[in-house]
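# Report on the structure
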Amino acid sequence: MPVLSKSVYFATSNKHKFNEARDVLKNYGIELRMINRKVEEIQSENLEKIALHALKKALISDKLPMIVEDAGLFINALNGFPGPYSSYVHKTLGIDGIIKLMRRKDDRDAEFRSVVAFGSSSVVKTYQGVAKGKIARKPRGKSGFGFDPIFIPKGSKKTFAEMSLEDKNKYSHRAIALRKFARWFLKNP
Ligand code: IMP
């Protein structure tokens, strides 16, 4: 078990995201602390812009240094939908709505994208992660959140929702972005 020598706050209201991020960062000796905050989102087609806006709002707090994260599911056959609107689409159409939209589609390719935005008193940086994969024909699995039951990452037969948190982190967009952040953070005290 690595000694956690550095710490960073994560402003999010999503406990699943927090647990995934904590698991990734602990392998680098970085302790993650949750600030339970629903950061109001702007509408934009650019995940980086959304993440930076959320970071700006979150940095008003005195909890530094801090990260925020924004993610989306981009489906090839739907021209990248729901993309930056994934949260809204998950609430409205839901997984069943996406399954219906994809019913007659042979092209099942999709990707999850994540942007982690980091801010301290002196620096703002962003890190991106992409997980390529396919949309399942039916939802499978009970773990995780959001579109996990219908996303099968490349290199696996299981959906994210059929995996343990540790296995999801081997493939996930968020884990890729966080590992990039962690490598930089450790080199920049
Ligand atoms: P957010 O705006 O970053 O909170 O994420 C947008 C939406 O994308 C979430 O509400 C989820 O529905 C979906 N999403 C983002 N990341 C994941 C993931 O790792 N698994 C499943 N769904 C996700």
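Conventions and cut-offs
- Residues numbered from 1 in each chain as written.
- Predicted model: local features only at pLDDT ≥ 70, side-chain atom pairs only at ≥ 80, totals over all residues.
- Heavy atoms only, no water.
- Helix = DSSP H or I, 4+ residues; strand = E, 2+ residues; numbered from the N terminus.
- Polar contact = N/O pair within 3.5 Å; in protein donor to acceptor, adjacent residues only side chain to side chain.
- Core = buried A, V, L, I, M, F, W, Y, C linked by side-chain atoms within 4.5 Å.
- Buried < 20%, exposed > 50% of the residue type's maximum accessible area, 1.4 Å probe, protein only.
- Contact = heavy atoms within 4.5 Å.
- Expected span 1.5 Å × (residues − 1).

### Topic: the environment of Ser44
Here Ser44 is to be found in the loop between β2 (30-36) and α2 (47-58). Through-space distance from the C-alpha of Ser44 to that of Pro84 is 6.9 Å; in sequence the pair is 40 residues apart. For Ser44, the side chain forms a polar contact with the main-chain nitrogen of Asn46, separated by 3.0 Å.

### Focus: the nonpolar core
Membership of the largest hydrophobic core comes to 19 residues, with the highest contact counts inside it found for Val8, Leu25, Leu32, Ile67 and Phe181. For this core, the leading source of residues is helix α6 (residues 173-187), giving seven residues. Other than its neighbours up to four places away in sequence, Phe181 contacts Val8, Leu25, Ile67, Phe118 and Tyr127.

### Let's talk about unusual backbone geometry
At the junction of Phe81 and Pro82, the peptide bond is cis and its omega measures out at -5° in the coordinates. The topology assignment puts Pro82 in strand β4 (residues 82-83).

### Some points on α2
Spacing of three or four residues puts side chains on the same side of an α-helix, whose turn is 3.6 residues. Between its first and last C-alpha atoms α2 spans 16 Å; for 12 residues at 1.5 Å apiece the expected length is 16 Å, and the two agree. Every buried residue of α2 is listed here: Leu47, Ile50, Ala51, His53, Ala54, Leu55 and Ala58. Looking at the buried positions of α2, the neighbouring elements they touch are β1 (6-12), β3 (66-75), β5 (109-119) and β6 (124-135). Residue Asn46 occupies the N-cap position of α2, its side-chain oxygen lying 2.8 Å from the main-chain nitrogen of Glu48.

### Structural notes on helix α1 (residues 15-26)
For α1, which comprises 12 residues, the first-to-last C-alpha distance of 16 Å matches the rise-based estimate of 16 Å (1.5 Å per residue) to within 8%. Taken together, the buried positions of α1 are Lys17, Phe18, Glu20, Ala21, Asp23, Val24 and Leu25. Along its buried surface, α1 packs onto β1, β2, β3, α5 (165-171) and α6. Its side-chain oxygen placed 2.9 Å from the backbone nitrogen of His16, Asn14 serves as the N-cap of α1.

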